[in-house]
Amino acid sequence: MCPVTPSDIRVLVVEDDPVAADAHALYVGRVPGFTVSGTVHSGAGARRHLEAHAVDLLLLDLYLPDGHGLQLVRTLRAAGHTADVIAVTSARDLAMVREGVSLGVVQYVLKPFTFATLRDRLTRYAEFRATTGEASGQDEVDRAIAALRAPRPASLPKGLTAATLRAVTEVLRAAGSGLTAAEAAADVGISRITARRYLEHLVESGRAARAPQYGQVGRPELRYRWSDH
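Residues numbered from 1 in each chain as written. Predicted model: local features only at pLDDT ≥ 70, side-chain atom pairs only at ≥ 80, totals over all residues. Heavy atoms only, no water.

A. Quick look at the side chain of Thr-169. Positionally, Thr-169 belongs in helix H7 (residues 162-174). Under the relative-accessibility criterion, Thr-169 is labelled buried at 13%. Leaving out residues up to four positions away in the same chain, Thr-169 has contacts with Leu-202 and Trp-226. (Helix = DSSP H or I, 4+ residues; strand = E, 2+ residues; numbered from the N terminus. Buried < 20%, exposed > 50% of the residue type's maximum accessible area, 1.4 Å probe, protein only. Contact = heavy atoms within 4.5 Å.)

In structure tokens, the structure reads:
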């Protein structure tokens, strides 16, 4: 974790799943210029923390045990809290996205996400936050907004393509009991070796898990399962 400085952006992680909360806090702590103010698991916990600590940014799960995350944002705004919000959710409802924007949600990050994805969003948020003074013209205003609204696409390892990754991801997510590389290859129409490269990439990025499958003659085969966090 990077050393904390007075200029660090203070982040409160609000996530109901303790394992996911710890992972998100670890991610935040690895990004220079950010520090974790705390980790809470409910809207009530977030309100208590904000009453006692200065926070610049909430990394906010939208589905909390005591209410929806956007309702928490409404309550915080009514109470005078001005911390920015990056929403973390598995929901893909664009109406919810529009509602969040109206409440001051500056970014959305869809679960499950990798460290690289969150690092990109936080870095762009820091760039946006650092813009001060008076803009010289429309171009400067556009650049400031673009830093926040136009995330860079995550790069893939050499030899992997976004289209094939999407295909492998879709079949893995649809397989509740998981897939072997051979099964994924057959479903997508690629070689077993290629399928395994994509499955290993999903494991390395935290979006899948693997475990040996026993009970057959010879070496156990790896079985891959989609990870919700």
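B. Expanded view of the pairing of strand S2 (residues 34-40). Taken together, the six bridges between strand S1 (residues 9-14) and S2 define a ladder with parallel strand orientation. Looking at S2, one finds that Val-14 is bridged to Val-40. The parallel pair S1 and S2 is bridged by helix H1 (residues 18-29), and the resulting crossover is right-handed. (Pairing = 2+ DSSP bridges. Right-handed = clockwise from strand over helix to strand, strands pointing away.)

C. Local environment of the nonpolar core. Core analysis: the biggest nonpolar cluster contains 21 residues, and Leu-12, Val-14, Leu-58, Leu-60, Leu-62 and Leu-70 have the highest contact counts within it. Elements that contribute at least two residues to this core include exactly S1, helix H2 (43-52), strand S3 (57-61), helix H3 (69-78), strand S6 (84-89) and strand S7 (105-110). The dominant element in this core, judged by the number of residues it contributes, is H3, at four residues. If we ignore the near neighbours within four places in the chain, the residues touching Leu-12 are Gly-38, Thr-39, Val-40, Ala-46, His-49, Leu-50, Val-55, Leu-57, Leu-58 and Leu-59. Counting 20 residues, the second-largest nonpolar core is a separate cluster that includes Ala-25, Phe-34, Leu-59 and Val-88. (Core = buried A, V, L, I, M, F, W, Y, C linked by side-chain atoms within 4.5 Å.)

D. Structural detail: the packing of H7 against helix H9 (residues 192-204). Interhelical geometry of H7 versus H9 gives an angle of 75 degrees and a closest axis separation of 10 Å. Considered as vectors, H7 and H9 are oriented roughly perpendicular to each other. Between H7, through Thr-164, Leu-165, Val-168, Thr-169 and Leu-172, and H9, the contact on the second element is made entirely by Tyr-198, Leu-199, His-201 and Leu-202. Class assignment for the residues of the contact of H7 with H9 results in six nonpolar, three polar and no charged. (Axes fitted to C-alpha atoms, helices over the stretch in contact; angles between N-to-C directions. Parallel < 35°, antiparallel > 145°, perpendicular 65-115°, else oblique. Nonpolar A, V, L, I, M, F, W, Y, C, P; charged D, E, K, R; others polar.)

E. Here's a closer look at helix H8 (residues 181-188). Here H8 has its buried residues at Ala-181, Ala-184 and Ala-185. Within H8, the buried residues cover an arc of 100 degrees as seen down the axis, which keeps them to one side. In H8, those exposed residues whose orientation departs by more than 90 degrees from the buried face are Ala-186 and Asp-187. At its buried positions, H8 is contacted by strand S8 (179-180), H9 and strand S10 (221-226). (Arc of directions from axis to C-beta.)

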